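Chain residues, written in single-letter form:
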Amino acid sequence: MLGFIGRRLATGLLLAFTVVTGMFFFLMLTGSDPARGALGLYATEEQVAVKRAQLGLDRPVAQQYLDWLGHVARGDLGVSSAQNTDVMDLIVSRLPVTVSLALGAVLVAAVLGVVLGLLAATRPGTFDRALQVVMVLGFSLPNFWVAIILALIFAVRLGWFPATGYVHLGDSPSGWLWSITLPIIALSIGSIAAIAQQLRNSVITVNGQAYVRTLRSRGLSQRHILLVHVLRNASPPALTMLSLQFIAAMSGAAIIERVFGLQGIGAVAINASGNSDIPVIMGVLLFTVLVVVLVNLTVDILYAALNPKVRNA
């Protein structure tokens, strides 16, 4: 098992290195100018040249990359060229918002997706067809549109939830929960539908296998067979879908944060892109890629726990 985890971790870190390296050189090839982004459109060419020298942008691209990589290896993501603040501090300060949204959305999607998927698989007929329609609608609705509708109805019209803003968990647990409820619902709608649909199909497939019929012939209850045997063998595809939905939630949180006025990592990335703030863009990218690697590693470990044959892959 340790060897399996080591191989998966090494593969993930190699992927992270490849992605961030490619993105660094891609940003340099786009011709974006962090010095101009920091000073504004009305700065003179002399001022821009001085700023470029201060930021080290007058050096060869390969040297800039090696310097950045060396600082990252020491845990230093550099300084924002636009805000003149430490990139690590900037990301850490905005991290609770995005993590709260992503984890909350995935938790809600996992619970409701499993429940709806099992109900759809075990109740064929009208109930299953009705859930199918709901799943398709949930999967097809854009999350930003859902966010706007939720904000208009439950925040603006009814006043049940705040329309904008984020309350830190340490300041007020109830205020924190109230501030992220609508964003989490908007972010999880599509994930609920995707997980439920995947689990439904997997459960139906596993239910038709010979060993399940054998278990029924031995007199085991349908609930025991479903929750202990069928769900265990039907869960791997749903786990894959869950990991994909978490990654999608991390990226989709940027739009939801804009709708509800939340200052998370998504807002940081959007502002950095507008200012050509390469240190911040690279810092957010590195963080996102490492999260993807960690999520995939967790799913691989769960796969290996459910199916020991996977450990030799």
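Going along each chain's sequence as written, the residues are numbered from 1 onward. In keeping with the model being predicted, local features are shown solely for residues with a pLDDT of at least 70 and side-chain atom pairs are shown and tallied solely at 80 or more, while totals for entire chains, interfaces and linings include all residues. Think of the side-chain values as coming from all heavy atoms in the structure, minus any hydrogens and water.

## A look at the overall build of the protein chain
Put simply, the rule is: Counting from the N terminus, the helices are the DSSP runs of H or I reaching at least four residues and the strands are the DSSP runs of E reaching at least two. Type-normalised accessible area, obtained with a 1.4 Å probe on protein chains alone, sets the label of each residue: buried when under 20%, exposed when over 50%, and partly exposed for intermediate values. Pairs of residues are marked as contacts when any of their non-hydrogen atoms sit within 4.5 Å.
When you go through the protein chain residue by residue, the secondary structure sums to 12 helices and zero strands. Going from N to C terminus, the protein chain has its helices and strands arranged as α-α-α-α-α-α-α-α-α-α-α-α. In terms of its C-alpha atoms, the protein chain occupies a principal-axis envelope of roughly 85 × 55 × 35 Å. Here the protein chain holds 313 residues, and the buried ones make up 39% of them. A sequence separation of at least 24 residues applies to 72% of the contacts in the protein chain between residues at least 6 apart.

## Topic: the packing of helix 7 (residues 143–157) against helix 8 (residues 173–207)
So the rule is basically this: For helices, the axis comes from a line fit to the C-alpha atoms of the stretch in contact; other axes are also lines fit to C-alpha atoms, and the angle between any two N-to-C directions lies between 0 and 180 degrees. By convention, the crossing between two helices is left-handed when the near helix turns anticlockwise from the far helix through less than a right angle, and right-handed when the turn is clockwise. Charged means Asp, Glu, Lys or Arg here, nonpolar means Ala, Val, Leu, Ile, Met, Phe, Trp, Tyr, Cys or Pro, and polar covers whatever is left, Gly included.
Their axes nearest at 8 Å, the elements helix 7 and helix 8 cross at an angle of 145°. Considering only the axes of helix 7 and helix 8, their crossing is right-handed. Along the contact surface, helix 7 presents N143, V146, A147, L150, A151, F154 and A155, while helix 8 presents L182, I185, A186, L187 and I189. Classifying every residue of the contact of helix 7 with helix 8 gives 11 nonpolar, one polar and no charged.

## Digging into the nonpolar core
Cut-off, in case you're wondering: Residues enter a nonpolar core if they are buried and are Ala, Val, Leu, Ile, Met, Phe, Trp, Tyr or Cys, with the set joined through side-chain atoms within 4.5 Å.
Core analysis: the largest hydrophobic core is formed by 50 residues, its most contacted members being W68, L101, L187, F246, F260, V280 and M282. Contributing elements (two or more residues each) for this core: helix 1 (2–29), helix 4 (61–73), helix 5 (87–122), helix 7, helix 8, helix 10 (222–259), helix 11 (265–274) and helix 12 (278–306). By residue number, the principal contributor to this core is helix 12, which donates 12 residues. Setting aside anything within four residues of it in sequence, one finds W68 in contact with V20, F24, L77 and M282. Judged by nonpolar contacts, the second largest core, of 12 residues, contains L199, V212, I225 and L226.

## Side note on the side chain of E257
Rule in force here: Positive: Lys, Arg. Negative: Asp, Glu. His and the chain ends are not part of the count. Here, a salt bridge means any Lys or Arg side-chain nitrogen found within 4 Å of an Asp or Glu carboxyl oxygen. Within 3.5 Å is the distance limit for a polar contact, defined as a pair of N or O atoms, with the added protein rule that one can donate a hydrogen and the other accept it, and that residues adjacent in sequence qualify only through two side-chain atoms.
For E257, the position within the fold is in helix 10. For the buried E257, which has no salt bridge, the nearest side chain bearing the opposite charge is R94, at an N-O separation of 7.2 Å. Side-chain polar atoms of E257 contact the backbone nitrogen of G264, separated by 3.5 Å. If we skip the residues at most four places from it in the chain, E257 touches V97, T98, L101, L262, G264, I265, G266 and A267.

## Details of a nonpolar patch on the surface
We apply this condition: Surface patches are drawn from residues lacking salt bridges whose relative accessible area is over 30%; two like charges belong together within 9 Å, two nonpolar side chains (Val, Leu, Ile, Met, Phe, Trp, Tyr) within 5 Å. Residue exposure ignores everything except the shown protein chains as possible cover, and the areas themselves are Shrake-Rupley values with a 1.4 Å probe.
Taken together, the side chains of L141, F144, W145, I148, I149, L152, I153, V156, L158, W160 and I255 present a nonpolar region at the surface, about 1000 Å² in accessible area. It is helix 7 that contributes the most residues to the nonpolar patch, seven residues altogether. Of note, L141 is situated in the loop between helix 6 (126–140) and helix 7.

## Quick notes on helix 10
Note the cut-off: The span one expects for a helix is its residue count, reduced by one, times 1.5 Å.
For helix 10, built from 38 residues, the straight-helix expectation of 56 Å at 1.5 Å per residue is missed by more than 12%, its first-to-last C-alpha distance being only 45 Å. Residue G261 follows helix 10 closely and has a positive phi angle near 65°.

## Points about the side chain of S202
Along the chain, S202 falls in helix 8. Each residue touching S202, except ones within four places of it in the same chain, is listed here: A234 and P237.

## Digging into the packing of aromatic side chains
To keep it simple, the criterion reads: Side-chain rings of Phe, Tyr and Trp (the six-membered ring for Trp) are treated as a pair once their centres are within 6.5 Å; stacked means planes under 30 degrees apart, edge-to-face means over 60, and tilted covers the remaining angles.
Within the structure shown, the criterion is met by seven aromatic pairs. Ring geometry for F25 against Y65: centres 5.2 Å apart, planes inclined by 40°, an arrangement best described as tilted. Placement of F25 in helix 1 and of Y65 in helix 4 is noted, with a sequence separation of 40 residues between them. Relative to W160, the ring of F154 has its centre 5.8 Å away and its plane inclined at 40°; by these criteria the two rings are tilted. F154 gets classed as partly exposed once you look at its relative accessible area, which sits at 26%.

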